[in-house]
Amino acid sequence: MLTYNLKTAIKFLRKNKAFATINLIGLSIALAVSFIIILYVVNELTYDSCHSNRKNISRIITHYANVDYTTAGTPYILSATLKEDFPQVKSVTNTRQIREFRIKSTDQDIHVANPVGTSSEIFNIFSIHITSSVGNAGFLDDDYSICLSQSLANKIFGDEDAIGKDLTIIIDNEEIILRITAVYKDIPENSSLKAECLVNGTWAVKQLNRSSYNEGNSDINWTDNYWTTWVMLDENAHSDHIEAQFRNLENKYLGKNNILYSLQNLSEVYLKSENIENTGQKGNMKNVKLFSTIAILLVLVAAINYIILSTAVYIGRINEIAIRKTNGARGSNILHQLLTESILLVLLVLPIAFFLMMQGLPYASVLFQKQLHIIPENITLYILVYLSLTLLIGGISGVYTSLWFSRQKVMDFFNRQASTGQRKNYLRSTLIILQLVIFCSFVSSMLIVRAQHQYALNMSPGFHKHNVLFIDIGDEFVEYNALLQEIRSNPNVLMAGGTYETLPTRATASAEFPSAENPEVMVMVSIFDVDYHFLETVGIKLVEGRYFSENLAGDSTSRCIFNEAAIKKLGIKDPVGKVFLDTWEIIGVVNDFYSGSILNEVQPTIIVMTNSFIEQIAIQYLPGTLSSLLPSLQDKWNELAPDVPFRYSLVEDLVHKLYLKEKNLTLVVSLSALFTLIIAMFGLFGLTLFTAQRRTKEIGIRKVLGSSASQIIFSFIKTNLLYVLIAVALSTPITILVMLEWLNNYAERIEIGWWIFALTFAIAALVVVITVLAHSYRAARVNPVEALRYE
């Protein structure tokens, strides 16, 4: 029976090439896009699944209760304290990425992307598979030991055995000789722990002590949260009980600092850290849900297409099915045959969809802002999900027509045959409207997201958005003053000044300070480190007071400038001239400015002078002179630092990067609307084709009775325009509810105007009219005599 059904299905598809082609294209597009999204979703949801003990692994989170601030940063000393005071903790370690880390080589120094300072207990907590080693444990117990990933070891030594060999490491321009004690398999890319090499945490401590404000005691200071602390709990331990014990630890070592510790399970670290600072690479559960919804809607549109076209095509098979039933075929035989045709069609689509997916992956990686890789550990899961989705579409798409035809009695077919051409199919109309609702929702959402993106790019952030560039000089650039003087002497440069971070920036240092009105209330304030003339260079304007001055020695050590938000939050009256916390004299107040995205409100900010943390030089240049300015800047750079690459960024590019997520979301929703449109257009095109064939005799009679070609064309179009109007009416409240929730994430946002939905209607109506017009025009031009002969 299966062989017979397959032969019949193949014969049907050959005979109905238009039906098969339209569905193949629609399903291929829907499945290809869905496969890409599923790849992204599976990779996101399986993050950290490579670590076998993940259910017992947690990260310590630090909460600042008074200022609603949460960070993954913890003090270095916390891990040793937990090991000593908490018997439920089986293993504990802290990790920190080491900056400016290079491996010395005879040809060219090798820059390591993720060198991590930690302890040997890292191997007890995470699933790091050792390929070769000295001994079985304690690989980082010695301060002068190093463990390499397999790819880094191969890069340095090729096929040679790396174990026991010495490497010359450069940290902050200081050479250190470390011995290789272990080589491990590359940590999978969907892991929160990323490390090309592991070294003893002592080197990260020394680096911090050289560069921080803590006067060289970061390893014993309870307030310097520069480390990530990982713990593996006993299987019988309860996180609630441990967090209750944290209160005693906080009181003992932190006093009344309003700092609270909590546990975050490893399975939640990647996708549930949206509001946690200093967490490293993190995903977004909202994006996972959004893209999953898009995939479901695209598959739904394709399935609807199949049902619409099937009901139209299968009407032409009434005689065939009636004869088969007359000859004794059961309803189950008809059901199996039609389901076989449906499943065969989607199985034919599967390799085409997979091919299109592979072609689209590079472009999708740009949209998702991350590389979409086929992770070997997930291969089985990919296959199961892809195959299940394909078969599900085939089964669901064919179930309606299959059940309907298989349950009809023989006489019903002959009684209906005369009326099927004009009989109103309310289910089909509902499905068409549902397709258009999905399309209209995508279009109006795209228009709203695009409007918000343009608003973010065009609004004033409180500083210059044009004609400013930043030169990245890195940490401890010894020729800073000489380079700055050369830049200022350039005739195309209006002004220049140093800073720690660019503006805009994605992160600034923060600290909590007591309110002037109520010292018990703490306020989280950003600290912005600058040099002379930076504020003037980037166009942050004074509200009162003055800027920093090179002629006043005290400005470099004991004076500061506040923005308006900081003055307001801290409750300081008449700020200029007052001494803040017996440390800084307030010499000026500047306008509020967005140091980051408008997702967040303007941050209260204290601007201080620094001599130790200058890593960028801001340059305001004459408009139209960038092409001549850059070569001269690079020439001066090569004279002063020939061994360091010249890196710069334009303020326009930084602003665009800040809102790259909104730009990509616009593209994602636009592409979703486009794919929905293509699929729906094919369906509507096919439906019009089959409907025109069924109405040939009706059209001939109407033309004999005096109907013009335009009247016949309008009879095709008016119903579809009504569908569009209903779809826009139904999609509008849905879109408003969803997009208002999205817009509420922004401190500055647009208002949703009526024009968005009017434009949506115009776009949908135009598409529908163009799609329907071709076949309706052809049908209207048919000779009435030929039409009346049509059978």
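So, here is what we can say about the structure in this document. (Residues numbered from 1 in each chain as written. Predicted model: local features only at pLDDT ≥ 70, side-chain atom pairs only at ≥ 80, totals over all residues. Heavy atoms only, no water.)

**What about the overall build of the chain?**
Turning to step 1, where the next piece is worked out: Within the chain, the secondary structure is distributed over 24 helices and 24 strands.
Turning to step 2, where the next piece is worked out: The contacts in the chain between residues at least 6 apart in sequence include a share of 79% that link residues at least 24 apart.
Turning to step 3, where the next piece is worked out: Surface summary for the chain: the accessible area is close to 37800 Å², and the carbon and sulfur share equals 55%. (Helix = DSSP H or I, 4+ residues; strand = E, 2+ residues; numbered from the N terminus. Contact = heavy atoms within 4.5 Å. Areas by Shrake-Rupley, 256 points an atom, 1.4 Å probe, with all protein chains shown as cover.)

**A short note on helix H14 (residues 426-458)**
Turning to step 1, where the next piece is worked out: Helix length check: H14 (33 residues) gives 47 Å between terminal C-alpha atoms against 48 Å at 1.5 Å per residue, within 8%.
Turning to step 2, where the next piece is worked out: Most of H14 is tucked away: 24 of the 33 residues are buried. (Expected span 1.5 Å × (residues − 1). Buried < 20%, exposed > 50% of the residue type's maximum accessible area, 1.4 Å probe, protein only.)

**Section: the pairing of strand S21 (residues 584-590)**
Turning to step 1, where the next piece is worked out: Counting buried positions along S21 gives six out of seven residues, so the element sits mostly inside the fold.
Turning to step 2, where the next piece is worked out: Relative to S21, strand S18 (residues 542-545) is paired through three bridges, and the arrangement is antiparallel. Across the sheet, the residue bridging to Glu-544 is Val-589, located in S21.
Turning to step 3, where the next piece is worked out: Pairing between strand S19 (residues 559-563) and S21: five bridges, direction parallel. Considered in S21, the bridge of Cys-560 is made with Ile-586.
Turning to step 4, where the next piece is worked out: Sheet topology note: the strand S20 (residues 579-580)/S21 ladder contains two bridges and is antiparallel. The partner of Phe-580 across the bridge, within S21, is Trp-584.
Turning to step 5, where the next piece is worked out: Turn length for the S20-S21 hairpin, with the two strands adjacent in sequence and antiparallel, is three residues, and the turn residue Leu-581 shows positive phi of about 55 degrees. (Pairing = 2+ DSSP bridges.)

**Examining helix H7 (residues 239-253)**
Turning to step 1, where the next piece is worked out: If you check H7, its first and last C-alpha atoms are 21 Å apart, about what 15 residues at 1.5 Å a residue would give, namely 21 Å.
Turning to step 2, where the next piece is worked out: Along H7, the residues that are buried comprise Ile-242, Phe-246, Leu-249 and Glu-250.
Turning to step 3, where the next piece is worked out: On its buried face, H7 sits against strand S1 (57-64), helix H3 (77-85), strand S12 (228-233) and strand S13 (259-265).
Turning to step 4, where the next piece is worked out: Directly beyond the C-terminal end of H7, a positive phi value near 65 degrees is found at Gly-255.

**Thoughts on the nonpolar core**
Turning to step 1, where the next piece is worked out: If you look at the biggest cluster of nonpolar residues, it comprises 91 residues, and the most contacted ones within it are Leu-27, Phe-35, Ile-37, Phe-368 and Leu-372.
Turning to step 2, where the next piece is worked out: Of all the elements, H14 adds the most residues to this core, at 16 residues.
Turning to step 3, where the next piece is worked out: Not counting the four nearest positions on each side in its chain, Ile-37 is found in contact with Phe-291, Ser-292, Ile-294, Ala-295 and Phe-368.
Turning to step 4, where the next piece is worked out: With 26 residues, the next largest nonpolar core counts Ile-110, Ile-176, Val-199 and Trp-227 among its residues. (Core = buried A, V, L, I, M, F, W, Y, C linked by side-chain atoms within 4.5 Å.)

**Quick look at the pattern of salt bridges**
Turning to step 1, where the next piece is worked out: Taken as a whole and assessed by the stated rule, the structure comprises 10 salt bridges.
Turning to step 2, where the next piece is worked out: Two residues, Glu-175 and Lys-104, come together in a salt bridge whose shortest N-O distance is 2.8 Å. One end of the pair, Glu-175, is in strand S10 (residues 174-184); the other, Lys-104, is in the loop between strand S4 (101-103) and strand S5 (110-111), with 71 residues separating them in the sequence.
Turning to step 3, where the next piece is worked out: Here Glu-175 falls in the partly exposed class, since its relative accessible area comes to 48%.
Turning to step 4, where the next piece is worked out: Among the salt bridges present, the one from Glu-250 reaches Arg-247, with a minimum N-O distance of 2.7 Å. With Glu-250 and Arg-247 both in helix H7 and three residues apart, the pair spans about one turn of that helix.
Turning to step 5, where the next piece is worked out: For Arg-247, a relative accessible area of 31% puts it in the partly exposed group. (Salt bridge = Lys/Arg side-chain N within 4 Å of Asp/Glu carboxyl O.)

**Quick word on the packing of aromatic side chains**
Turning to step 1, where the next piece is worked out: Scanning the model with the defined rule gives 19 aromatic pairs in all.
Turning to step 2, where the next piece is worked out: An angle of 15 degrees between the planes, with centres 4.6 Å apart, marks the rings of Trp-222 and Tyr-253 as stacked. Note that Trp-222 is positioned in the loop between helix H6 (202-211) and S12 and Tyr-253 in helix H7, a separation of 31 residues in sequence.
Turning to step 3, where the next piece is worked out: Looking at Tyr-253, the relative accessible area reads 30%, which means it is partly exposed.
Turning to step 4, where the next piece is worked out: An aromatic cluster is defined as three or more aromatic residues linked by ring pairs; in this entry it consists of Phe-35, Tyr-382 and Tyr-386. (Phe/Tyr/Trp six-rings, centres within 6.5 Å; stacked < 30°, edge-to-face > 60°.)

**Some words on the side chain of Asp-48**
Turning to step 1, where the next piece is worked out: Checked against the element boundaries, Asp-48 lands in the loop between helix H2 (17-45) and S1.
Turning to step 2, where the next piece is worked out: Looking at Asp-48, its side chain comes within polar contact range of the side chain of Ser-192, at 2.6 Å. (Polar contact = N/O pair within 3.5 Å; in protein donor to acceptor, adjacent residues only side chain to side chain.)

**Digging into the environment of Glu-274**
Turning to step 1, where the next piece is worked out: Take Glu-274: it is sitting in the loop between helix H8 (266-269) and helix H9 (285-314).
Turning to step 2, where the next piece is worked out: Residues Glu-274 and Lys-286 lie 12 residues apart in sequence; the distance between their C-alpha atoms is 9.6 Å.
Turning to step 3, where the next piece is worked out: Not counting the four nearest positions on each side in its chain, Glu-274 is found in contact with Lys-282, Asn-284 and Lys-286.

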